[in-house]
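# Coordinate inspection notes
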Amino acid sequence: MSTPDLSTPDGIPHDLLGAIERLKKERNAVILAHYYQEPDIQDVADFIGDSLQLARAAQGSTADVILFCGVHFMAETAKILNPTRTVLIPDMQAGCSLADACPAPMLARMKAKHPDHKVISYINCSAAVKAISDVICTSSNAEKVVASFPADQPLIFAPDRNLGGYIAKKMNRPMLLWPGTCMVHETFNERRMIELQLQHPGSKIIAHPECEPSLLEKADFIGSTSALLDYVEHSPASTFIIATEPGILHQMAKQAPTKTLIPLPGIDETCACNECPHMKRNTLEKMYLALRDMKPELTMDEDLRVAALKPLTRMLAL
Ligand code: 13P
Ligand code: SF4
């Protein structure tokens, strides 16, 4: 006889995974998760991806409910692309330092000062910033998006100065850069990176373009989270020093089980500052509660949604 699943005093069942599965079916919900989520969240998700892959998955979803395990701007993007679905986020406080660094009224002032410039905004921004941008990009397609403008078109790139600077240098295409940074990728420990490389001859340094330029200069490969995953799987090298949020190591270990994966620590090696505190706000308990109570729900003013959809559609059409 199976033992009954007695709930804890706060109403969270002991068999959380079973309860999430059950609610998912009842609600006709799909769970989308970013690679930076905790392994247990990635394992329960229906789809795992980087920002671009998740935007496409949200756009194409036919489920009634999208439970978005990522951060606020990602859930917002899902709502912009698929407004008839109920979009839930386990923790509404899961923000992003890049999105916070670029308030829409300040970007509007920069635009007004440079009326001949077109604005490319990295998807890590608010819906209000998207609404005043000409096109959106992610770390997977930033080069393609920049190349879609004529060579003589002046450009503003917001809000990530590191991604913008990396693309500008690679493409020899100067752009006005908004001075935002990712609080995780700007703090990697470069001294430790060099030590690790010396300790592991033949290892490859792989980095996300949100990292600081001095680190990117030393990297063997630079790419979005999905590009880094692909590189680890297909590279002939056996050891990788990884300069991005360590949540990605879960899928890397699954897809390349024989490889040695070394997450690069932050400047203060005693803290977990290479982990995104926003991404890590989401938990299985919060996912269960979101599906049970159908909240927190992400809602959006329709005029704002329509304005933000335009630059997103332009990106997805590329
Ligand atoms: P990608 O998912 O595009 O690699 O971006 C990483 C990131 O920082 C998401 O917030
Ligand atoms: Fe934002 Fe950086 Fe966290 Fe990504 S890792 S959500 S860019 S703070």
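Structure: above.
Summary of the structure given here. Computed from a predicted structure; not experimentally measured.

### Section: the nonpolar core
With 66 residues, the main nonpolar core has Leu-32, Phe-68, Ile-120, Leu-215, Leu-264 and Met-315 as its most contacted residues. Counting residues per element, this core draws most heavily on helix α4 (residues 72-81), at six residues. The contacts of Leu-215, once residues within four sequence positions are left out, are Phe-188, Glu-190, Met-193, Ala-207, Ala-243 and Leu-264. Core analysis: the second largest hydrophobic core is formed by 20 residues, Ile-31, Met-287, Ala-290 and Leu-291 among them.

### What about the site of ligand 1?
Residues in contact with ligand 1 amount to 14 residues; listed here are only the nearest, His-34, Ser-51, Ser-139, His-208 and Thr-225. One of the side-chain N or O atoms of His-34 is found 2.7 Å from an oxygen atom in ligand 1. Between ligand 1 and Glu-210, the relevant distance is 3.0 Å, taken from an oxygen atom to a side-chain nitrogen or oxygen of the residue. Against a free-state accessible area of 290 Å², the protein chains account for coverage of 96% of ligand 1.

### Side note on the site of ligand 2
Close to ligand 2 lie Tyr-36, Val-71, Cys-96, Ser-97, Leu-98, Asn-124, Cys-182, Met-183, Glu-210, Cys-276 and Met-279. When grouped by side-chain class, the residues that make up the shell around ligand 2 number eight nonpolar, two polar and one charged.

Basis of the calculations
Residues numbered from 1 in each chain as written. Chains lettered and ligands numbered in written order. Predicted model: local features only at pLDDT ≥ 70, side-chain atom pairs only at ≥ 80, totals over all residues. Heavy atoms only, no water. Core = buried A, V, L, I, M, F, W, Y, C linked by side-chain atoms within 4.5 Å. Buried < 20%, exposed > 50% of the residue type's maximum accessible area, 1.4 Å probe, protein only. Helix = DSSP H or I, 4+ residues; strand = E, 2+ residues; numbered from the N terminus. Contact = heavy atoms within 4.5 Å. Near = heavy atom within 4 Å. Polar contact = N/O pair within 3.5 Å; in protein donor to acceptor, adjacent residues only side chain to side chain. Areas by Shrake-Rupley, 256 points an atom, 1.4 Å probe, with all protein chains shown as cover. Nonpolar A, V, L, I, M, F, W, Y, C, P; charged D, E, K, R; others polar.

Note that all results are geometric; they support no functional claim without further evidence.
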